[in-house]
Amino acid sequence: MKRNFITTSEWSKNELQSILDFASELKANRIQPLLKNKSIALIFFNPSLRTKTSFQIGMNQLGGNAVIISPGQDAWPIEFDVGKIMNEEAEEHIAEVAKVLSKYCDLIAVRAFPKFQNIKEDIEDKIIRGFEKFASVPIINMETITHPCQELAHILSLQEQLGDLKNKNYLLTWTYHPKALNTAVANSSLIIASKFGMNVTLLCPTEDYLLHDKYIDEAKLNCQENNTNFTISHDIKKSYANKDIVYAKSWGSIPFYGEPNKEKKIRDQYKNFIVDERKMNFTNNALFSHCLPLRRNIKATDAVMDSDNCIAIQEAENRMHVQKSLLFNLLKE
Ligand code: CP
């Protein structure tokens, strides 16, 4: 039966660890034709630097082929609603798109960011779930309302630096950014840090910047099962104190969904959430990371980004190794 990689919530910690372990082997021995003549469709509804490059080159290093498709740009716009009279922009339906691509390709990977208009629709993850419903080959999430490939790269990098992550003190901090961004990496950070047995703190300026209950509840449950702590805080100094890991991300306020101008007036009050040396000095000499792209001196200072404790480049490199391991895992007999 085909297995999808849409969210790590659908995978056990042991299954994820075996992907990470094989990623380390692939990192040590990069060119192995394990997927000779296999192919993947990489479908991008949004821009990318790391994801596009690492998937395409990773598939090539395994002996396979990758085709990059941008619906609405170099391919036809797609309709995802079932039963819709298609008299708007879309030229074809996901039912045909997913079935046709399944005839050409062994895997389909999808990047489709939330629209940031309606939280219920975004949480449903309609686009990738449409591919899941109609495709007969495994589906990989390249970032929707979560970013599970980033999760794997993040954990591999932390394990490379710290070994066993059990009971490490982990901070996810909101940072300022001039625009309201996707919550995906933040949601993912809570899910994976709690799943791998860390004490997790979520720091954000006010309740308006809490992540959706779905992800907070999942993190709380993981922490309960692992006998670790889950904390929500709006206090910068207390949150950074005694942390082993600081992970930074900016995201938009859920109560202000669809109202970017109103939200901007609020977010502009919290430029002080930038990660800087003063805050990092409160920590237990913590590692710092970010999924990238990152606006320097807005989200984190040059000093933090250029410090020996910053592992953002290592995490970006590990995207390729974990994804190669994942591709092999999804196609192995
Ligand atoms: N971190 C990440 O997914 O980067 P890109 O948006 O450049 O792919």
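So, how was this worked out
Residues numbered from 1 in each chain as written. Predicted model: local features only at pLDDT ≥ 70, side-chain atom pairs only at ≥ 80, totals over all residues. Heavy atoms only, no water. Axes fitted to C-alpha atoms, helices over the stretch in contact; angles between N-to-C directions. Helix = DSSP H or I, 4+ residues; strand = E, 2+ residues; numbered from the N terminus. Parallel < 35°, antiparallel > 145°, perpendicular 65-115°, else oblique. Left-handed = near helix turned anticlockwise from the far one by under 90°. Contact = heavy atoms within 4.5 Å. Nonpolar A, V, L, I, M, F, W, Y, C, P; charged D, E, K, R; others polar. Domains from an automatic or database assignment. Buried area = accessible area lost by both parts, 1.4 Å probe. Salt bridge = Lys/Arg side-chain N within 4 Å of Asp/Glu carboxyl O. Polar contact = N/O pair within 3.5 Å; in protein donor to acceptor, adjacent residues only side chain to side chain. Pairing = 2+ DSSP bridges. Buried < 20%, exposed > 50% of the residue type's maximum accessible area, 1.4 Å probe, protein only. Near = heavy atom within 4 Å. Areas by Shrake-Rupley, 256 points an atom, 1.4 Å probe, with all protein chains shown as cover. Core = buried A, V, L, I, M, F, W, Y, C linked by side-chain atoms within 4.5 Å.

Turning our eyes to something else, we now look at the packing of helix α6 (residues 148-162) against helix α13 (residues 312-331). At a minimum axis separation of 8 Å, α6 and α13 run at an interaxial angle of 115 degrees. Between α6 and α13, the interaxial angle falls into the category roughly perpendicular. Where α6 crosses over α13, the handedness of that crossing is right-handed. Taken together, the residues of α13 that come into contact with α6 (itself represented by C149, Q150, L152, A153, H154, L156, S157, E160 and Q161) are Q314, E315, N318, R319, V322, Q323 and L326. Each residue belonging to the contact of α6 with α13 can be placed in one class, and the counts come to 6 nonpolar, 7 polar and 3 charged.

Right, let's get into the domain arrangement of the chain. How big an interface is tends to be expressed through the accessible area that disappears when the partners come together. Its domain assignment divides the chain into domain 1 (8-146 + 319-331) and domain 2 (150-315). Centre-to-centre separation of domain 1 and domain 2, based on C-alpha positions: 25 Å. In this assembly, 27 residues from domain 1 lie in contact with 33 residues from domain 2. Interface area for domain 1 against domain 2, summed over the two sides, is near 2500 Å², with a carbon-plus-sulfur share of 62%. In this structure, the connection of domain 1 to domain 2 is made through 1 salt bridge. Put simply, E160 and K27 hold a salt bridge, and the shortest N to O gap is 2.9 Å. On inspection of domain 1 and its partner domain 2, the count reaches 13 residue pairs in polar contact (both at pLDDT 80 or more). Every element with two or more residues in the side of domain 1 that touches domain 2 is listed here: α1 (13-28), α4 (119-124) and α13. In terms of residue count, α1 provides more of the side of domain 1 that touches domain 2 than any other element does, 8 residues in total.

Time to look at the sheet that holds strand β1 (residues 39-44). Read from one edge of the open sheet, 4 strands run β2-β1-β5-β6, paired in parallel fashion. Each edge of the open sheet is held by one strand with a lone partner, namely β2 (65-69) and β6 (139-141). The average undirected angle you get between the axes of adjacent strands in this sheet is 20 degrees. Note: β1 against strand β5 (residues 107-111), 5 bridges, orientation parallel. Note on β5: the bridge partner recorded for I43 is V110.

On to unusual backbone geometry, then. Here the residue pair L292 and P293 is connected by a cis peptide bond, since its omega of 10 degrees sits within 30 degrees of zero. Inspection of the secondary structure assignment puts P293 in the loop between β11 (287-289) and α12 (302-305). Although it is not a glycine, F116 adopts a positive phi angle of roughly 65 degrees. Along the chain, F116 falls in the loop between β5 and α4. One non-glycine residue, E143, adopts positive backbone phi at about 120 degrees. As for its placement among the helices and strands, E143 is situated in the loop between β6 and α6.

Taken across its 6 residues, β1 has 6 buried, putting it largely inside the fold. Burial of the side chains of β1 extends over both faces: S39, A41 and I43 are buried on one face and I40, L42 and F44 on the other. As paired strands, β1 and β2 are joined by 5 bridges and run parallel to one another. Bridge pairing in β2 links A41 to V67.

It is worth spelling out the site of the ligand at this point. Taken together, S48, L49, R50, T51, R111, H147, Q150, C291, L292 and R319 make up all the residues around the ligand. Q150 is positioned with one of its side-chain polar atoms (N or O) 2.9 Å from a nitrogen atom of the ligand. Alone, the ligand offers 260 Å² of accessible surface; in the complex the protein occludes 94% of this. In terms of residue class, the shell around the ligand is built from 3 nonpolar, 4 polar and 3 charged. Counting the residues that make up the shell around the ligand, at least three belong to each of domain 1 (8-146 + 319-331) and domain 2 (150-315).

Formed by 80 residues in total, the largest nonpolar core has its most connected members in I40, I140 and F288. The dominant element in this core, judged by the number of residues it contributes, is α13, at 7 residues. Two domains each donate at least three residues to this core, and these are domain 1 (8-146 + 319-331) and domain 2 (150-315). With near-sequence residues (within four places) excluded, F288 lies in contact with V246, A248, V275, M280, A300, V304, M305, N309, C310, I311 and A312. If you look at the next biggest cluster of nonpolar residues, it comprises 22 residues, including V97, F131, V137 and I139.

In this section: the side chain of N329. When you line up the elements, N329 lands in helix α13. Beyond its immediate chain neighbours, meaning those up to four positions away, N329 contacts W11, S18 and I19.

It is worth spelling out the environment of K38 at this point. With respect to the secondary-structure elements, K38 resides in the loop between α1 and β1. Linking K38 and G64, residues 26 residues apart in sequence, is a C-alpha distance of 4.8 Å. Setting aside residues no more than four positions away along its own chain, K38 makes contact with M59, G64, N65, D106 and L331.

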